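Structural characterization, general
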Amino acid sequence: NAESWGVHLELGSTFPPQFWLNNMSLSVPVWGGKYGEWVRDNAAFVSRIEETLKMATYFFPGSSSDSEIRAEILYAGVNLVSYFHEFLLSPITSDSRTTHRNSHVCDKVRAILRVISIIELLVEMAAHKRFGNTGKMKYIMLLEGVKAICRVVLLMNSTENRIFVQETHGAPPAAAPPVSRTAPAQVADSLLQTGGEWKGKRTGKVLRELTTVSMPFTPGGVSSAIRLGELLFLLRPVVYTALLSRFGFRSWIPWAVSLAMETLSKYLVDGLKRPNDTERQEQSRRVMLFLYYLFRSPFFEQYTRVPIDRFRNWFSWVPLLGNVFELLFAFQEYYFYTAAS
């Protein structure tokens, strides 16, 4: 029944869900019962509360590992709740319907990736406290392995992109107006239509109508070199963490092998012919990822930290600037701060 999808068209009959998939590019899922209704009716307030709680984690007292873990628990918890709220407020039922084959499977895979991205640092902190710097590596390797498998699945089922495109997440301050399940006209008010696209006010997501989706690429149209380059990029974090576990953070071997894999991957993927907009943006993003090598051990300790220490000494009189540098140095203790994975 169409009311379970949150949309009812007053034309004398109720249409099956397939009607909405074929004729409308949006629907409002009615999840969460009364709580879901409250979130939809108070989206702006909920968004402000989420942002306030996230900011509060930066003001946790103390610098011990316990205070770091408490702050990360709060931060991860708020982000998980925020992710749940996105489901309640999302104007569509599937993020993957127009961009992936097997959309239901891909939605679950994307959800796994999103949850891992939220909790991965917390898992590392807890493992570091319990097992130390060496013992935590098996948990990091497990997370990176799951992420690599998920990304390969999404890439293999993509109908638009020939390379894996990293999703970005954020909670913009603007919120969509409340949407009532009995007032479908309000659905259109919560979206901005531009050309063949729908843009959500709260999430900022841009969703193309089904009629404007481009024809899917054929796997045969992707060269072996690009496939190899993409495989190198997706497996690089797994290889890097395996080498870190074997040789340690102070060894140059993991750093050099990781840089070589990423450089070769970029060289091969740059051969992509006629990249679309998302592929072009992803290629630009990957160029910026090379900056993380400046902050990974052992390069950071031997090269990057020298000018930073000098700069800190020059401006030691500036209030709070020393705390910023101490925070930067503290990031070196945890893999996921500079993993760029």
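Residues numbered from 1 in each chain as written. Predicted model: local features only at pLDDT ≥ 70, side-chain atom pairs only at ≥ 80, totals over all residues. Heavy atoms only, no water.

1. A word on helix α2 (residues 33-41)
How we decide: Each residue is assigned to one of three classes by its accessible area relative to the maximum for its type, calculated with a 1.4 Å probe on protein chains only: buried under 20%, partly exposed between the two thresholds, exposed over 50%. Numbered from the N terminus, helices here are DSSP runs of H or I no shorter than four residues, and strands are runs of E no shorter than two. The arc in question is the one spanned by the directions pointing from the helix axis to the C-beta atoms.
Considered for burial, the residues of α2 that qualify are G36, V39 and R40. Looking down the long axis of α2, one finds its buried residues gathered within 95 degrees of arc, a one-sided arrangement.

2. Some words on the packing of aromatic side chains
We count it as follows: Aromatic rings from Phe, Tyr and Trp, taking only the six-membered ring of Trp, are treated as a pair when their centres fall within 6.5 Å; an angle between ring planes under 30 degrees marks them as stacked, one over 60 as edge-to-face, and anything in between as tilted. By definition, being over a ring means that NZ of Lys or CZ of Arg is both within 6 Å of the ring centre and within 35 degrees of the ring normal.
In this structure the tally under the stated criterion is 19 aromatic pairs. Ring centres of Y240 and Y335 lie 6.1 Å apart, and the angle between their planes is 35 degrees; this geometry places the pair in the tilted category. Taken as a pair, Y240 in helix α8 (residues 224-247) and Y335 in the segment after α12 (321-330) lie far apart in primary sequence, 95 residues in all. Among the aromatic residues, those joined into a ring-pair cluster are W252, W255, F290, Y293, F299 and Y303. When the ring centre of F247 is taken as reference, the NZ or CZ atom of R246 above it lies at 4.9 Å. When the ring centre of Y293 is taken as origin, the NZ or CZ atom of R296, which lies over that ring, is 4.4 Å away.

3. A closer look at the nonpolar core
Heads up, the condition is: Joining through side-chain atoms within 4.5 Å is the link that ties buried Ala, Val, Leu, Ile, Met, Phe, Trp, Tyr and Cys residues into a set, and such a set is a nonpolar core. It only takes one pair of heavy atoms within 4.5 Å for two residues to be counted as in contact.
Counting 19 residues, the largest nonpolar core has L121, M125, M137, I140, L244, Y335 and F336 as the members making the most contacts within it. Counting only elements with at least two residues in this core, the list comes to α4 (65-89), α5 (103-135), α6 (137-156) and α8. For this core, the element with the highest residue contribution is α5, accounting for six residues. Among all residues touching M137, those that are not within four sequence positions of it are T241, L244, S245 and F249. In terms of nonpolar packing, the next biggest core, distinct from the first, is built from ten residues, L113, L155, F164 and F233 among them.

4. Some points on unusual backbone geometry
With omega at 0 degrees, the peptide bond leading from S297 into P298 counts as cis. Take P298: it is sitting in the loop between α10 (277-288) and α11 (299-314). For A340, which is not glycine, the phi dihedral falls at a positive 55 degrees. For A340, the location among the structural elements is in the segment after α12.

As far as function goes, none of this settles anything; it's purely spatial.
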